[in-house]
Amino acid sequence: MNEPSWWQTGVIYQIYPRSFMDTNDDGVGDLAGIRARLDYLQWLGVDALWLSPIQPSPMKDFGYDISDYCDVDPLFGRLDDLRDLLDDLHARGMKLVLDFVPNHTSDQHPWFLESRQSRDNSRHDWYLWRDPGPDGGPPNNWLSSFGGSGWAFEPRRGQYFFHAFLEEQPDLNWRNPAVREAMLEQMRFWLELGVDGFRIDVIWHLVKDEQFRDNPINPDFRPQTGDHNRLLTTYSADQPEVHEVIRGFRQLLDQYPQRMMVGEIYLPLERLMSYYGSAGDGVHLPFNFQLIRHPWDAEAIAATIDRYEAALPAGGWPNWVLGNHDNHRLATRVGAQHCRIAAFLLLTLRGTPTLYYGDEIGMQDVPVPAEAVQDPVEGRMPGLGLGRDPERSPMQWDDGPFAGFSRVRPWLPIAADHVQVNVASLRSSPTSLLNLYHQLIAIRRAEPALALGHYRRFATPPQVLGYLREHNERRLLVLLNFSAQAQEVALGMAEGRICLSSLLDRPAQTVAESVTLRAHEGLLLDLTCE
Ligand code: GLC
């Protein structure tokens, strides 16, 4: 292996800027707030920050509807604040990854404002315009991922435009070379500014079927997953030509040293792997969401890890994600007792971990009363639990009235448990979940076996997940007890040394032949000595 890159050995920390830290008393987080919390992030030990979009936006989808790719929305600050943040991060040896949203713009973007005017303006073919179907309705059956038809009518053109998400997020026409060129320009702007990489929003959506064929019925449709799952996305996403677009992104990134892109891709394993490209021309990391909606069961997880490891192409670097701004909170999904083994898993598997802000203190979903709902998904598909406000609640810094996030009432409610569950109190408690994250990240940094080593399953009782991480002479064993009972695991060898317990209360002790895990305990053992 060549010298590994920062995005291979490092830990990525996702910040949802609206909810991290508010310094200008408007109840919404800002760039100055992120800067003000860098000491904490450096202490935690993360290597790179990924910020959900900070560009100017009408905020219909909270920044994922961009009206100017090359600036900062005043809500978050100014471009100079971004420059300052970047300087501060680089001075600390940390990296900055920006969200980049190429599939669609805001309907307020000048490109769309022009495109919708007429059929013959200079940007008439920058979006996906189609004549009405034979009955005067939408041109085909494609749906919006946020519910309802994916087509909206524009009387000025007498045509429909496609939007995979909100009507206010029209999809760009990536088959148009002018669109590609323009988008590369926008990326170049940030690369020249010095950002270290991009998280590319819904990258598998970029190119659509050239003939706009109807999508087939989804035979496995379950209504509780939302109306948009009635159809498969056979023709509206994951088209072969998308890889050509990605090659263009990659060629641009490769002109700058040490830059990377991570692609948001919700696809089955086999399809996901194609996004690594061939011969290093794909995304550096196709986000691996295998565990983000996975049953929390040791055997099933072990099988998924094995399948993922086996499916990776030669030279494809793995990555793992347990939480983000589109999925229910990790602590809510797995339950508070399982948060420690989840931390262990994320930070000891082979591949780059991405950690969602607040998961390190065990933040839970925060229920949002109907009248306070912000997320358009909840508005359009109410009552199914698909709304994403609960996992976007403000970061819990201390036990103050607004959890130290703001001096005023924030845009989303603060968790009731913030009085106990907050950075200040967990940081001062030596055996807290937060200190476990801190220690795991530190060990990961110190141990090439964790950062770079091979992965191999280790035989365990059914409710224990066990694997080895090996590098050169070093052999580390991870054991995670998913059950509420103690579990004994045979080591089948002379002895090992306990490096870390997820409960942070076990001294570095030598064990021989077998080791007993307490309920929900995770252990890291050094088996090197033989
Ligand atoms: C991605 C984002 C999500 C957004 C959607 C549309 O899935 O993560 O938050 O709503 O794209 O841009």
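Note that the coordinates shown come from a computational prediction; the quantities given were computed from them, not determined experimentally. (Residues numbered from 1 in each chain as written. Predicted model: local features only at pLDDT ≥ 70, side-chain atom pairs only at ≥ 80, totals over all residues. Heavy atoms only, no water.)

Caption draft 1: Highlighting the site of the ligand. Not every one of the 14 residues close to the ligand is listed here, only the nearest: D61, D201, E264, H325 and D326. D61 has a polar side-chain atom sitting 2.6 Å from an oxygen atom of the ligand. Between an oxygen atom of the ligand and a side-chain N or O atom of E264, the distance comes to 2.8 Å. For the ligand, whose free accessible area comes to 300 Å², the fraction covered by protein is 96%. Split by residue class, the shell around the ligand holds 4 nonpolar, 3 polar and 7 charged. (Near = heavy atom within 4 Å. Polar contact = N/O pair within 3.5 Å; in protein donor to acceptor, adjacent residues only side chain to side chain. Areas by Shrake-Rupley, 256 points an atom, 1.4 Å probe, with all protein chains shown as cover. Nonpolar A, V, L, I, M, F, W, Y, C, P; charged D, E, K, R; others polar.)

Caption draft 2: Focus on the sheet that holds strand β4 (residues 129-130). As summarised here, the arrangement of the 3 strands in space is β4-β6-β5, forming an open sheet in which the pairing is antiparallel. Either end of the sheet is taken by a strand with one partner, and the two such strands are β4 and β5 (151-154). With 2 bridges connecting them, β4 and strand β6 (residues 159-162) associate as antiparallel partners. When the sheet's bridge partners are listed, R130 is paired in β6 with Y160. (Pairing = 2+ DSSP bridges. Helix = DSSP H or I, 4+ residues; strand = E, 2+ residues; numbered from the N terminus.)

Caption draft 3: Here's a closer look at the domain arrangement of the chain. Parsing the chain into structural domains produces domain 1 (6-104 + 177-441) and domain 2 (453-526). Computed over C-alpha atoms only, the centres of domain 1 and domain 2 are separated by 30 Å. Each partner contributes residues to the interface: domain 1 has 26 residues there, and domain 2 has 24 residues. For the pairing of domain 1 and domain 2, the buried interface totals around 2,000 Å² over both sides, and the portion due to carbon and sulfur atoms is 70%. By the criterion of area lost to domain 2, the three top residues of domain 1 are A298, I341 and F344, representing 29% of everything that side buries. The tally of links between domain 1 and domain 2 comes to 1 salt bridge. For R457, the salt bridge goes to D306, with nearest N and O atoms at 2.3 Å. Viewed at the interface, domain 2 and domain 1 are joined by 5 residue pairs in polar contact (both at pLDDT 80 or more). Where the side of domain 1 that touches domain 2 is concerned, the elements lending two or more residues are α9 (298-311), α11 (339-348) and α14 (433-446). A total of 8 residues in the side of domain 1 that touches domain 2 trace back to one element, the largest contributor, which is α9. (Domains from an automatic or database assignment. Contact = heavy atoms within 4.5 Å. Buried area = accessible area lost by both parts, 1.4 Å probe. Salt bridge = Lys/Arg side-chain N within 4 Å of Asp/Glu carboxyl O.)

Caption draft 4: A look at the layout of surface pockets. A volume near 590 Å³ is recorded for the second largest pocket. Tallied by class, residues from the lining of the second largest pocket come to 10 nonpolar, 10 polar and 3 charged. When residues of the lining of the second largest pocket are assigned to domains, at least three fall in each of domain 1 (6-104 + 177-441) and domain 2 (453-526). (1 Å grid on protein atoms, 1.4 Å probe; cavity = no way out; pocket = protein on both sides within 12 Å on 5 of 7 lines; lining within 4 Å. Points joined across faces, edges and corners; volume = space filled by probe spheres on them.)

Caption draft 5: Main features of the nonpolar core. Counting 160 residues, the largest nonpolar core has Y13, L49, L51 and L82 as the members making the most contacts within it. Among the domains, domain 1 (6-104 + 177-441) and domain 2 (453-526) are the pair contributing at least three residues each to this core. Apart from residues no more than four positions distant in its own chain, L51 is found in contact with I15, P17, L31, I34, L82, L85, L96, V97, L98 and D99. Counting 15 residues, the second largest nonpolar core, distinct from the first, contains F458, V464, V515 and L523. (Core = buried A, V, L, I, M, F, W, Y, C linked by side-chain atoms within 4.5 Å. Buried < 20%, exposed > 50% of the residue type's maximum accessible area, 1.4 Å probe, protein only.)

Caption draft 6: Representation of the side chain of S115 within the structure. Within the secondary structure, S115 is located in helix α5 (residues 110-115). Judged by relative accessible area, S115 falls into the buried class, the value being 0%. Polar contacts involving the side chain of S115 include one to the side chain of W129, which spans 2.9 Å. Filtering out sequence-adjacent residues up to four positions away, S115 remains in contact with N121, R123, H124, W126, Y127, W129 and R157.

Caption draft 7: Region of interest: unusual backbone geometry. The phi angle at A279 is positive, at roughly 55 degrees, despite the residue not being glycine. One can find A279 in the loop between α8 (269-273) and β9 (285-286). In this model, L504 sits at a positive phi of 55 degrees, which is unusual for a non-glycine residue. For L504, the position within the fold is in the loop between β15 (487-501) and β16 (510-517).

Caption draft 8: The packing of helix α4 (residues 79-91) against helix α6 (residues 177-193), seen in detail. Remark: α4 packs on α6, axes separated minimally by 11 Å, with the N-to-C direction vectors making an angle of 50 degrees. Viewed along their axes, α4 and α6 adopt a mutual orientation that is oblique. Seen from α4, the contacting residues are L79, L82, R83 and L86; seen from α6, they are F189, W190 and L193. When the residues that make up the contact of α4 with α6 are grouped by side-chain class, the tally is 6 nonpolar, no polar and 1 charged. (Axes fitted to C-alpha atoms, helices over the stretch in contact; angles between N-to-C directions. Parallel < 35°, antiparallel > 145°, perpendicular 65-115°, else oblique.)

Caption draft 9: Up close: the packing of α6 against helix α7 (residues 242-253). Relative to each other, α6 and α7 sit at 30 degrees, their axes nearing to 10 Å. Here α7 runs roughly parallel to α6, going by the angle between their axes. Crossing hand, α6 versus α7: right-handed. Here R180, L184, M187, R188 and L191 of α6 lie close against α7, whose contacting residues are E244, V245, G248, F249, L252 and L253. Partitioning the contact of α6 with α7 into residue classes produces 7 nonpolar, 1 polar and 3 charged. (Left-handed = near helix turned anticlockwise from the far one by under 90°.)

Caption draft 10: Up close: the sheet that holds strand β8 (residues 260-263). Taken together, 8 strands build an open sheet; the order of strands is β9-β8-β7-β3-β2-β1-β11-β10 and the sheet is parallel. Every other strand in the sheet has two partners, leaving β9 and β10 (319-321) as the edge strands with one partner each. In this sheet, strand β3 (residues 95-100) lies alongside strand β2 (residues 48-51) in parallel orientation, the contact comprising 4 bridges. For W50, the partnering residue across the bridge sits in β3 and is V97. Docked against the sheet, α4 engages β2 and β3, running at close to 140 degrees with respect to β3.

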